[in-house]
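# Secondary and tertiary structure notes
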Amino acid sequence: MTYLHNIGAYFLMIVEMFRKPTKWSVMKKLIFKDIDDLIIGSLGIIAFISFFVGGVITIQTALNINNPLIPKYLVGFATKQSIILEFAPTFTSIIMAGKVGSFITSSIGTMRVTEQIDALEVMGINSLNYLVLPKTIALFLYPFAIAIGMFLGILGGMAACVFGGYTSLEDYVLGIQTDFEAFHIIYSFIKTFVFAFLLATIPSFHGYYMKGGALEVGKASTTSFVWTSVVIILINYILTDMMLGS
């Protein structure tokens, strides 16, 4: 029953988030602050992880293709498919659930503990609209960060190929160009938009409705990371089956 109660409270929170909107002059400042905290502040870790994971995918693929009958351009093809379809949108989002999600939960949870949210309510401000909606809007720029991750992942694979001598640059580029489907990019960005909404709302839910003191803020951050990751993996399966399944 607790799970059902939390699911219902989560959807009620989303509905309440759009009621009694904050003035645009105030909302605009909140959105730009959240863009700086959540998107721009995450570009470094996304770039670092994407580049080196792209290189690791390339090396592992090249080492497992040791049959002379298998063309070397498949190294580039496998790297492209792995990064665009799964690594960039899904696994980066799980990593961001730890970084961005924990930040959102702890910041809102601290406001709950210090009674700042109660003060907002006393002043007649819709605290959910004030706190959660700017983060949701800011994270709709998340696909921009994922696009950078896709590019750097493929670039990291290219660097691994060239400097590691696993295949030629021409074969790698040919693999990237082989059987390129634009729908795969669309599919990835649709997933990313859904994940962005989850990254904004699930950690906000755990921070907003937490009870207790400073210790409970840490526990809420851990819980939000776990549930955000679980929901992202479940939604990833559903969207993949719907959009790519036969």
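Residues numbered from 1 in each chain as written. Predicted model: local features only at pLDDT ≥ 70, side-chain atom pairs only at ≥ 80, totals over all residues. Heavy atoms only, no water.

## Let's talk about the overall build of the protein chain
Rules: Numbering goes from the N terminus for both helices and strands, where a helix is a DSSP run of H or I of at least four residues and a strand is a run of E of at least two. Per-residue accessibility, obtained with a 1.4 Å probe over protein chains only, is compared with the maximum for each type, and a residue is labelled buried under 20%, exposed over 50%, and partly exposed between these values. Contacts: residue pairs with any heavy atoms within 4.5 Å of one another. Only the protein chains shown count as cover for residues, and the accessible areas themselves come from Shrake-Rupley with a 1.4 Å probe. Residues scored as positive are Lys and Arg, those scored as negative are Asp and Glu, and His as well as the terminal groups of each chain are ignored. For this purpose, a charge sits on NZ of Lys, CZ of Arg, CG of Asp or CD of Glu.
From N to C terminus, the protein chain includes 11 helices and 0 strands. Starting at the N terminus and ending at the C terminus, the protein chain contains elements arranged as α-α-α-α-α-α-α-α-α-α-α. A principal-axis box enclosing the C-alpha atoms of the protein chain has dimensions of 70 × 35 × 35 Å. Residues counted as buried form 44% of the 246 residues belonging to the protein chain. For the protein chain, long-range pairs separated by at least 24 residues make up 86% of all intrachain contacts whose partners lie at least 6 apart in sequence. Entry remark: accessible area of the protein chain is about 12600 Å², with carbon and sulfur atoms responsible for 71%. Mean positive and mean negative side-chain charge positions of the protein chain (14 and 14 charges, respectively) differ by 9 Å.

## Focus on the UniProt feature "transmembrane region" (unreviewed entry) in the protein chain
The condition is simple: UniProt positions are given in the numbering used here, feature names are shortened, and annotations may be inferred rather than shown by experiment.
Sequence positions flagged by UniProt for "transmembrane region" (unreviewed entry) are, in local numbering, residues 38–63, 83–104, 139–165, 185–208 and 220–239. Between the C-alpha atoms that bound residues 38–63 there is a distance of 37 Å. The span itself is 88% helix and 0% strand. Across residues 185–208, the secondary structure splits into 100% helix and 0% strand, with the terminal C-alpha atoms separated by 34 Å.

## Overview of the environment of valine 194
Of note, valine 194 is situated in helix 10 (residues 182–208). C-alpha separation for the pair valine 194 and isoleucine 232, spaced 38 residues apart in sequence, amounts to 8.7 Å.

## What to know about the packing of aromatic side chains
Going by this rule: Any two rings among Phe, Tyr and Trp, with Trp reduced to its six-membered ring, count as a pair given centres within 6.5 Å; such a pair is stacked if its planes are under 30 degrees apart, edge-to-face if over 60, and tilted if neither. We call a charge positioned over a ring when the NZ of a Lys or the CZ of an Arg lies within 6 Å of the ring centre and within 35 degrees of the ring normal.
All chains considered together, the criterion is met by 8 aromatic pairs. Ring geometry for phenylalanine 140 versus phenylalanine 193: centroids 6.1 Å apart, planes at 45°, classification tilted. In this pair, phenylalanine 140 sits in the loop between helix 7 (133–138) and helix 8 (142–164) while phenylalanine 193 sits in helix 10, placing the two residues 53 residues apart along the sequence. Ring pairs connect the aromatic residues Tyr10, Phe11, Phe205, Tyr208 and Tyr209, which therefore count as one cluster. Looking at arginine 112, its charged tip hangs above the ring of tyrosine 208, at a distance of 4.7 Å from the centre.

## Describing a nonpolar patch on the surface
The condition that has to hold: Residues form patches when they are more than 30% accessible in relative terms and have no salt bridge. Like charges link within 9 Å. Nonpolar side chains (Val, Leu, Ile, Met, Phe, Trp, Tyr) link within 5 Å. The salt bridge criterion pairs a side-chain nitrogen of Lys or Arg with a carboxyl oxygen of Asp or Glu, the two atoms within 4 Å.
Together, Tyr3, Phe225, Val226, Trp227, Val230 and Leu234 make up an exposed nonpolar region whose accessible area comes to about 560 Å². Looking at the element boundaries, leucine 234 is found in helix 11 (residues 214–243). Residue leucine 234 is classed as exposed on the basis of its relative accessible area of 52%.

## Topic: the environment of glycine 124
Its place among the elements puts glycine 124 in the loop between helix 5 (116–122) and helix 6 (127–131). Looking at glycine 124, the relative accessible area reads 33%, which means it is partly exposed.

## Section: the nonpolar core
As a reminder, the rule being used: We define the nonpolar core as a collection of buried residues of types Ala, Val, Leu, Ile, Met, Phe, Trp, Tyr and Cys that are connected through side-chain atoms lying within 4.5 Å of one another.
Formed by 50 residues in total, the largest nonpolar core has its most connected members in Tyr10, Leu139, Tyr142 and Leu199. For this core, the leading source of residues is helix 4 (residues 74–113), giving 11 residues. Residues contacting leucine 199, with those up to four places away along its chain left out, are Ser93, Met96, Ala97, Ile104, Leu139, Tyr142, Thr228 and Ile232.

## Focus: the pattern of salt bridges
Applying the stated criterion across every chain, the model contains 5 salt bridges. In this structure, aspartate 37 engages lysine 33 in a salt bridge whose closest nitrogen and oxygen atoms are separated by 2.9 Å. Taken as a pair, aspartate 37 and lysine 33 lie in helix 2 (residues 24–39) at a separation of 4 residues, close to a single helical turn. Exposure remark for aspartate 37: the relative accessible area of 25% places this residue in the partly exposed category. Among the ionic pairs, glutamate 86 bridges to lysine 191, the shortest N-O distance being 3.1 Å. Residue glutamate 86 is found in helix 4, and its partner lysine 191 is found in helix 10; the two are separated by 105 residues along the sequence. A relative accessible area of 0% means that lysine 191 is categorised as buried.

## Notes on the environment of valine 132
Mapped onto the elements of the fold, valine 132 is located in the loop between helix 6 and helix 7. For the pair valine 132 and threonine 201, spaced 69 residues apart in sequence, the C-alpha separation works out to 7.0 Å. Excluding residues that lie within four positions of it along the chain, valine 132 makes contacts with Met17, Ser127, Ala200 and Ser204.

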